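Coordinate analysis (summary)
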Amino acid sequence: MGAAERRLWSSVLRQDVASSVLDQLGNPAFRGVVITGPLGVGKTTLARAVESALAGDTHIIKLHGTSRGTASPFGQVAFLAAKLEPETLGRPEAAVHGMAGLIRADAAGRPVLVILDDLPAIDGMSIALLMHLLLSGTAKILVLARSTSDLPEDFLWLLKDRVLASVELDAFTREEVATLLHGVLHNRVSAAAVTTLHASSSGNPLVLHAIVTEQRRTGNLQLRNDVWTISGPIVLESDKVLGELVRARLDSHDPEATAAMEYLALTRRIPLFVLIRLVDPEVLVRLEESGLMVVTGEEGRWASLREPYMAEVIRGWLQLSQRQRMHRQLSRVLGELDTPLTTEEVLNFAALSLDCQLGLAPETALAAAAAALGRSDPVFALRCLERFGPADGNWVTAMQHRAAAMLQQGDPAGAVAVLEKVSPAKLEGLPLGAVGSYWLDFALAELSAGRPERVAQVLAAARTSVQGNQGTSGGADSAQEAVLQVLEVAELAERSHRGEFSAIVDRLEARWRNGLTTGVRLDCGSLLVLAYALTGRELDALGLAAEVRELALQTGVQQRLNDRCREGLFAALLFTGQWRTCIRLLTNAMDERPATMPYSGAMVELGLGLAYTYAGRGDLAIGSLLAGKAQLESHAERMFSRLAHQALAFAYAQVDDAREATAFLSASPVDGPDADWLVTSMAEFCGHMARRWLGDPKAKERLLESAALDLAAGRFTTASISLFGATVHGSDEELQRLEEVSARRQGPMAELNQTVARGSLAKDPRILLEAAAQASELELDAVESRCAVLAVDFARDARDTLSARAAQHRLDRLVRALPVLPLVPRTEGPELTEREREVAKLAAKGMSNREVAAALDVSVRTVEGHLYQIFTKLGITSRAEIEPTLHVRPVPGTPTAGPPSLGTPSLPHAFPLPAALSSPAPTALVRTRRPGTGTAAW
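Residues numbered from 1 in each chain as written. Predicted model: local features only at pLDDT ≥ 70, side-chain atom pairs only at ≥ 80, totals over all residues. Heavy atoms only, no water.

Overview of the overall build of the chain
The secondary structure content of the chain amounts to 47 helices and 13 strands. Classification of the 938 residues of the chain by burial places 54% in the buried group. Long-range pairs, those at least 24 residues apart, make up 70% of the contacts in the chain between residues at least 6 apart in sequence. Summed over all atoms, the accessible surface of the chain reaches about 39,400 Å², with 51% contributed by carbon and sulfur. (Helix = DSSP H or I, 4+ residues; strand = E, 2+ residues; numbered from the N terminus. Buried < 20%, exposed > 50% of the residue type's maximum accessible area, 1.4 Å probe, protein only. Contact = heavy atoms within 4.5 Å. Areas by Shrake-Rupley, 256 points an atom, 1.4 Å probe, with all protein chains shown as cover.)

The following block contains the structure:
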């Protein structure tokens, strides 16, 4: 990596800091600035930026400290000392004044800046010279140090007395890393890649650059469809720059501290009470104080290196024999404790054993694999299962874990193939519970592969297998009932996959309350969350999701159908208008579990994009949807490809990009695996709305057809949303149906739908203004604009000037907030006569009635009459409001489009179409050109 390239990576986002440092150096109150921050964070690069800004006008002297002290007087300024006579050097005071004179001569009247880099060590005489330069006003100083503890005592006093300013250079945040990566990679970067790279580099720009370079070299970071995506976990095979950084950190520590860091690197995370038995506690205290080690968890239970890259690099340095020796020492300590290992300890011990090329006991391997799957780490789960063969007693369980790992990697067909390797003979003799567990996994894998029609075959084979194994379990009746409930879960999951939610709610509720096993209760509860969300019980879904999560945490039982629970939670939040909460939860998921992003990042980004699209924020949705689409393609996930394409079409339609919207509609797959009903439904809704925006006259009928199908199946949530989209210029019958269906839903979006329906039926602007306020509370700007447009038209038709004015003010604000305002009011309001416009212009200038009358050569009473008409027509009450109201009113003669082509940023499925109309009023869409955009917008 060249020096210029390194400077680019660490300086892209530091311009504001450089400006602040320059301001402080120019401030007469300060004699200099101290910049602190960890190695590689960009201190030297920042100093170069400051130097470049001052070059020519300032005489700059660059000095370097050393990592260890030096006994040589004036060691840091030897180039100046060499210019003095020997006898002068023998007298310290004379030497200081002599060197100060040399500096002034070289400066030739220019200001002087001394840049002191790479502390901590600097000899006492060099410090004396620097203090003389500062206190005499000869020079200012820019000091670079890793922490203030590295500063000489004299500089600490100057800091304390505020003679020196202080700037702490922090590592980059995730948002700053995203900006940096976009700037240097020149393409979109998926949020999953940003999160993974930020976590692995700890936000250190130099480390980030080294990791990005390595991941590009190995192909782990790839450009797919103009989006940078990450395919797997970060592995640092060898990197010279990172190695140099780590060695520089280790050089300042004694062998005992280095040995402690080797333990921390090898184990990744280690219980503190175990580490204390291996390393002197005083050494650990020093490591924590220096910021190299961090202690986390309840009561400080776990110790690890603060920066992940250090652990990766140090672990790569350790020879196999050294690793195995450390493994034996750790095993001895664990054996002496004689306490059962926690899940976290099992994971870490398994990772340590595999790194040391030591085998795992089958029970440990299975436990570690299960724990890894619970943390969405399929790669490590597969590592733990590598040595299992058909002859091993737990081989069937190992195959189930292997299939689960492949599902997490986005390979459902591979998961089915793994489970198919288990022959009926392998199931003979297993406990009934194990047999039922296998068949449930098999059925769920078939659903994930988009083959629900094969579930019936799986269940038939399962019942045959269960009957053949009845004699192997004690308490045969209860065991058989329990396994039959497990198989029932597979049947219910298949019906949920097909969208038959209303038909299975009662059975799901019964099993959630009274299932024989916790696993059955959790699985049915997860399916029930999704069913509630789509049958009009969104708030019930939110409450149940919390109950299911609490039961899982209390019992520690794995949720096989946790994805369905999360899907239902997402749908319930989105469909009740809580799109901001969806964004927060998905963003938190990335921050809290960055290691899982290579596998779950595609779905997280797709979820983010859908949330923004449903909220009418197409401009924010496009980046996430493109990133999600690219990652889905890299994992061969065809089931969600159609949804990604249709959502992108809708998002582009929202920002008035008809070409891209049409392109994604055309490229959307028309066949493929039989996707989950909700995925299919959302894709269809986005497609219908995109086409409606683009003017397809058939789009409305498709929405009505979807609503009818949903109503027949008891899916009131999605029926309500489709009706909302279809009732732009809808009939009274359609609006009444919207109100009736929305009344069978829960949450603020249901209330908003009903309010819009009532206001449109009654043509009441006050009710529609109430709906606009409800939309505003949910931050649905496009929906608010829809309500405001209707309110304007109805108010003007009724000559309700107060309501017209309130609605117009809302629209004036929304014009600035929305990328495109898709609708404008049909009516322009009463037009002012030519004479009334003359009076209005003069009154707006502050002229009195008498002055206006004189200017127009009319009577004062005539002016008063004109002003009354002006105030009435404009819906205002004072002269101060005349001028702004005249400026914001629609321009007469704006051309209207033919048949309205609904194009409002809207919320698929649960969110009402933002800014689309849902009223029979003849509000027309007009093509307008917003100032400065240069594009036509519906």
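Some points on unusual backbone geometry
Leave glycine aside and you will find that most residues have negative phi; peptide bonds, for their part, are mostly trans. For Arg268, which is not glycine, the phi torsion reads 70° and is therefore positive. Structurally, Arg268 can be placed in the loop between helix H13 (255-267) and strand E9 (270-271).

Details of the packing of helix H27 (residues 501-514) against helix H28 (residues 518-534)
Taken N-terminus to C-terminus, the directions of H27 and H28 make an angle of 145°; their axes are 8 Å apart at the nearest point. Considering how the two elements wind past one another, H27 and H28 form a crossing that is left-handed. In this structure, H27 contributes Phe501, Val505, Leu508, Glu509, Arg511, Trp512 and Arg513 to the contact, and H28 contributes Val520, Arg521, Cys524, Gly525, Leu527, Leu528, Leu530, Ala531, Tyr532 and Leu534. For the contact of H27 with H28, the class distribution of residues is twelve nonpolar, one polar and four charged. (Axes fitted to C-alpha atoms, helices over the stretch in contact; angles between N-to-C directions. Left-handed = near helix turned anticlockwise from the far one by under 90°. Nonpolar A, V, L, I, M, F, W, Y, C, P; charged D, E, K, R; others polar.)

Topic: the sheet that holds strand E6 (residues 188-189)
Read from one edge of the open sheet, three strands run E6-E8-E7, paired in mixed fashion. Here the strands that pair on one side only, and so sit at the sheet edges, are E6 and strand E7 (221-224). Of the strand pairs in this sheet, E6 and strand E8 (residues 227-230) are connected by two bridges, and their pairing is parallel. Looking at the pairing, Val189 lines up with Trp228 of E8. (Pairing = 2+ DSSP bridges.)

Examining the nonpolar core
In this structure, Phe380 and Trp439 are the most contacted members of the largest nonpolar core, which totals 169 residues. Ranked by residue count, the leading element in this core is H28, at eleven residues. Beyond its immediate sequence surroundings of up to four residues, Trp439 is in contact with Leu427, Val458, Ala461, Ala462, Ser465 and Leu487. (Core = buried A, V, L, I, M, F, W, Y, C linked by side-chain atoms within 4.5 Å.)

Looking at the packing of aromatic side chains
Evaluated as defined, the whole model comprises six aromatic pairs. Pairing Tyr438 with Phe442 gives two aromatic rings, centres 5.9 Å apart and planes at 65°, and the pair type is edge-to-face. In this pair, Tyr438 and Phe442 both sit in helix H24 (residues 432-448), four residues apart, roughly one turn of the helix. What makes Tyr438 buried here is its relative accessible area of 1%. Taken together, Tyr438, Trp439 and Phe442 form an aromatic cluster joined through their ring pairs. Sitting over the ring of Trp317, Arg247 keeps its end group 4.0 Å from the ring centre. Positioned above the aromatic ring of Trp512, the side-chain terminus of Arg521 is 4.8 Å from the ring centre. (Phe/Tyr/Trp six-rings, centres within 6.5 Å; stacked < 30°, edge-to-face > 60°. Lys NZ or Arg CZ within 6 Å of the ring centre and 35° of its normal.)

Remarks on the side chain of Lys140
Within the secondary structure layout, Lys140 lies in strand E4 (residues 140-145). Sequence-distant contacts of Lys140, defined by excluding residues within four places in its chain, comprise Gln24, Leu25, Gly26, Asn27, Pro28, Phe30, Arg31, Val112, Leu113, Val114 and Leu134.

Observations concerning the pattern of salt bridges
Applying the stated criterion across every chain, the model contains 35 salt bridges. Residue Glu420 is joined to Arg454 by a salt bridge in which the shortest nitrogen-to-oxygen separation is 3.3 Å. Here Arg454 lies in the loop between H24 and helix H25 (455-468) and Glu420 lies in helix H22 (residues 412-420), a separation of 34 residues in the sequence. Assessed through its relative accessible area of 43%, Glu420 is described here as partly exposed. Accessibility expressed as a relative area gives 25% for Arg454, which makes it partly exposed. One salt bridge connects Arg580 with Glu779, and the closest N-O pair in it is separated by 3.2 Å. Pair noted here: Arg580 is in helix H31 (residues 579-592) and Glu779 is in the loop between helix H41 (765-777) and helix H42 (781-797), with a separation of 199 residues, a long-range link. Arg580 sits in the partly exposed class, given a relative accessible area of 38%. (Salt bridge = Lys/Arg side-chain N within 4 Å of Asp/Glu carboxyl O.)

Details of the packing of helix H29 (residues 538-555) against helix H30 (residues 562-575)
Between two packed helices, both the angle of their axes relative to each other and the distance between the axes serve to describe the pair. With their axes 9 Å apart at the nearest point, H29 and H30 run at an angle of 145° to one another. Crossing hand, H29 versus H30: left-handed. On the side of H29, the interface is formed by Glu538, Ala541, Leu542, Ala545 and Val548, while H30 contributes Cys565, Leu569, Ala572, Leu573 and Phe575. Its residues placed into classes, the contact of H29 with H30 shows nine nonpolar, no polar and one charged.

Quick word on the sheet that holds strand E10 (residues 293-296)
Across the sheet, which stays open at both edges, the three strands sit in the order E9-E11-E10 with antiparallel pairing between neighbours. Of all the strands in the sheet, just E9 and E10 have a single pairing partner and so form its edges. Sheet topology note: the E10/strand E11 (residues 302-305) ladder contains four bridges and is antiparallel. Within E11, the residue paired with Met293 across the bridge is Leu305. Along the sheet, H13 makes contact with E9, E10 and E11, crossing E11 at roughly 100°.

Some points on the pairing of E4
Of all six residues in E4, six are buried; the element is thus mostly enclosed. Alternating positions in E4 separate into two faces, Lys140, Leu142 and Leu144 on one and Ile141, Val143 and Ala145 on the other, with burial throughout. Direction of pairing for strand E1 (residues 32-36) relative to E4: parallel, over a ladder of five bridges. Opposite Ile35, over in E4, you have Leu144 as the bridge partner. Sheet topology note: the strand E3 (residues 112-117)/E4 ladder contains four bridges and is parallel. Across the sheet, Leu116 pairs through a bridge with Val143, a residue of E4.

A few points about the environment of Pro73
Note on placement: Pro73 falls in the loop between strand E2 (59-64) and helix H4 (78-81). When its relative accessible area of 53% is taken as the criterion, Pro73 is described as exposed. Discounting residues that sit within four places of it in the chain, Pro73 has contacts with Asp123 and Met125.

Concerning the side chain of Gln774
On the secondary structure map, Gln774 appears in helix H41. Overall, the relative accessible area of 19% leaves Gln774 in the buried class. Beyond its immediate sequence surroundings of up to four residues, Gln774 is in contact with Glu751, Leu752 and Thr755.

Brief notes about a negative patch on the surface
There is a patch of like negative charges on the surface, built from Glu256, Asp280, Glu282, Glu288 and Glu289. Mapped onto the elements of the fold, Glu288 is located in helix H15 (residues 281-289). When its relative accessible area of 41% is taken as the criterion, Glu288 is described as partly exposed. (Patch = residues over 30% accessible without salt bridge, like charges linked within 9 Å, V, L, I, M, F, W, Y side chains within 5 Å. Lys, Arg positive; Asp, Glu negative; His and termini not counted. Charge placed at Lys NZ, Arg CZ, Asp CG, Glu CD.)

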